Amino acid sequence: MSFARRPLMAGNWKMFKTQAEAQDYIAVFVPLVAQVDDRDILLGVPFTDLNAMVGATRGGNVLVGAQTMHYADQGAFTGEVSAPMLVEAGVQAVILGHSERRQYFAENDHDLAQKVRVALDAGLLPVLCCGETDDERVAGRTEEKIGRQIDQALGALKADELDRLAIAYEPIWAIGTGKTATPEIAQETIAFVRSRVRSTFGPAADRVRILYGGSVKASNIDVLMAQPDIDGVLVGGASLDPAEFARIVKFEPLA
Ligand code: PGA
């Protein structure tokens, strides 16, 4: 594993936690992970929590991210937030193309290609999500679906930028269902994602971090992180509890 593939342990709070709840969380979480210096820690939080979270984590080892953004710098896009706005707020990362954004808010591969480009240009770490539905997996169309998502979203990148991006493979059938992909399925599909990146970008594919997401918990993190191609995780439900997420951050890969 190259240095560029330092583990990235990311939480996705989705639409949970008011500012007061976020402050309570950080007061517990930050001390629990204060000694962690060999992996990156990221919390993707609601827009309204960003300011408070950036303030509460300043100078520490916890990165703060948004959960989506627009590709334009500004404009008549009601409800949206731009990369310059996030950067000014002190935000360091942005989750892009989460399956819930794709499903409920029509985020699509064409827009995502622009968003990934804009995020990198702004100095944000994009965490690009991809994944198949249950029907697509059963029909044997997993690679076709994910391959297309990857090809389109990364279309505007150069090979030497791959280490500034993370990809999160999140099978939609595993998100919020308690039905985690087996470590073998997660490994096999993430290895496919890496091979797809390699087919476009060559050996630089070994420098992109690829995360697994979907019902990651304290009880399955160690076996997931033992897989050779899994460079981290994107955690929804289990990231809402500071003690559980701290345990996930402090995984100990099984030999
Ligand atoms: P989950 O969500 O961990 O609650 O399954 C993961 C995600 O949606 O990123």
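It should be emphasised that the depicted structure is a prediction, and the values quoted were computed from it without experimental measurement.

Analysis parameters
- Throughout, a residue's number is its position along its own chain's written sequence, starting from 1.
- At least 70 in pLDDT is required for a residue's local features to be given in this predicted model, at least 80 for side-chain atom pairs to be given and counted, and no such filter applies to totals for whole chains, interfaces and linings, which use all residues.
- Only hydrogens and water are set aside when side-chain values are computed; all heavy atoms of the structure are taken into account.
- Only a single heavy atom is needed: when it lies within 4 Å of a molecule or strand, its residue is near that molecule or strand.
- N or O atoms closer than or at 3.5 Å make up a polar contact, with two conditions inside protein: a donor-capable atom paired with an acceptor-capable one, and, for residues adjacent in sequence, both atoms drawn from side chains.
- Note on areas: Shrake-Rupley, 1.4 Å probe, and residue coverage restricted to the protein chains presented here.
- Following the grouping adopted for this structure description, the nonpolar residues are Ala, Val, Leu, Ile, Met, Phe, Trp, Tyr, Cys and Pro, the charged ones are Asp, Glu, Lys and Arg, and the polar ones are all others, Gly among them.
- Throughout this description, the term nonpolar core refers to a set of buried Ala, Val, Leu, Ile, Met, Phe, Trp, Tyr and Cys residues connected via side-chain atoms within 4.5 Å.
- The buried label goes to any residue with under 20% of its type's maximum accessible area, the exposed label to any with over 50%, and the partly exposed label to all in between, with areas taken from a 1.4 Å probe on protein chains only.
- Helix numbers and strand numbers start at the N terminus; a helix is a DSSP run of H or I with at least 4 residues, a strand a run of E with at least 2.
- Here, two residues are considered to be in contact whenever any of their heavy atoms come within 4.5 Å of each other.
- Should a side-chain nitrogen of Lys or Arg be within 4 Å of a carboxyl oxygen of Asp or Glu, the pair is scored as a salt bridge.

Draft legend 1. Broad picture of the site of the ligand. By nearness alone, 13 residues border the ligand, and Lys14, His98, Glu170, Gly176 and Ser215 come closest of all. The contact in question runs from an oxygen atom of the ligand to an N or O atom on the backbone of glycine 176, over 2.7 Å. In the environment of the ligand, an oxygen atom lies 2.8 Å from a nitrogen or oxygen atom belonging to the backbone of serine 215. Relative to its unbound accessible surface of 290 Å², the ligand loses 95% to contact with the protein. Looking at the shell around the ligand, its residues break down into four nonpolar, seven polar and two charged.

Draft legend 2. How the structure looks around the nonpolar core. Judged by nonpolar contacts, the single largest core of 67 residues is most densely connected at Phe29, Leu43, Ile167, Val197 and Tyr212. When residues in this core are grouped by element, the largest group, six residues, is from helix α8 (residues 183-201). Non-local contacts of tyrosine 212, meaning those with residues more than four positions away in its chain, are made with Tyr169, Pro171, Ala174, Thr180, Ala181, Ala186, Ile190, Leu224, Ile230, Gly232, Val233 and Leu234. Formed by twelve residues, the second largest nonpolar core is a distinct cluster that contains Leu8, Ile95, Leu125 and Cys129.

Draft legend 3. Representation of the pattern of salt bridges. A full pass over the atoms with the stated rule returns 18 salt bridges. Note that glutamate 161 is salt-bridged to arginine 164, the shortest N-O span being 3.8 Å. For the salt bridge of aspartate 231 with arginine 194, the shortest nitrogen-to-oxygen distance reads 2.8 Å. Taken together, the residues span a long stretch of sequence, with aspartate 231 in the loop between α9 (221-225) and β8 (232-235) and arginine 194 in helix α8 at a distance of 37 residues. Residue class for aspartate 231 comes out buried when judged on its relative accessible area of 0%. Owing to a relative accessible area of 3%, arginine 194 belongs among the buried residues under this scheme. Among the charged side chains, a salt-bridge network with shared partners connects Arg5, Arg194, Asp229 and Asp231.

Draft legend 4. The arrangement of unusual backbone geometry in detail. For lysine 17, which is not glycine, the phi torsion reads 85 degrees and is therefore positive. Within the fold, lysine 17 resides in the loop between β1 (8-12) and α1 (19-33). In this structure, serine 215 takes a positive phi of about 55 degrees despite not being glycine. Tracing the backbone shows serine 215 in the loop between β7 (209-213) and α9.

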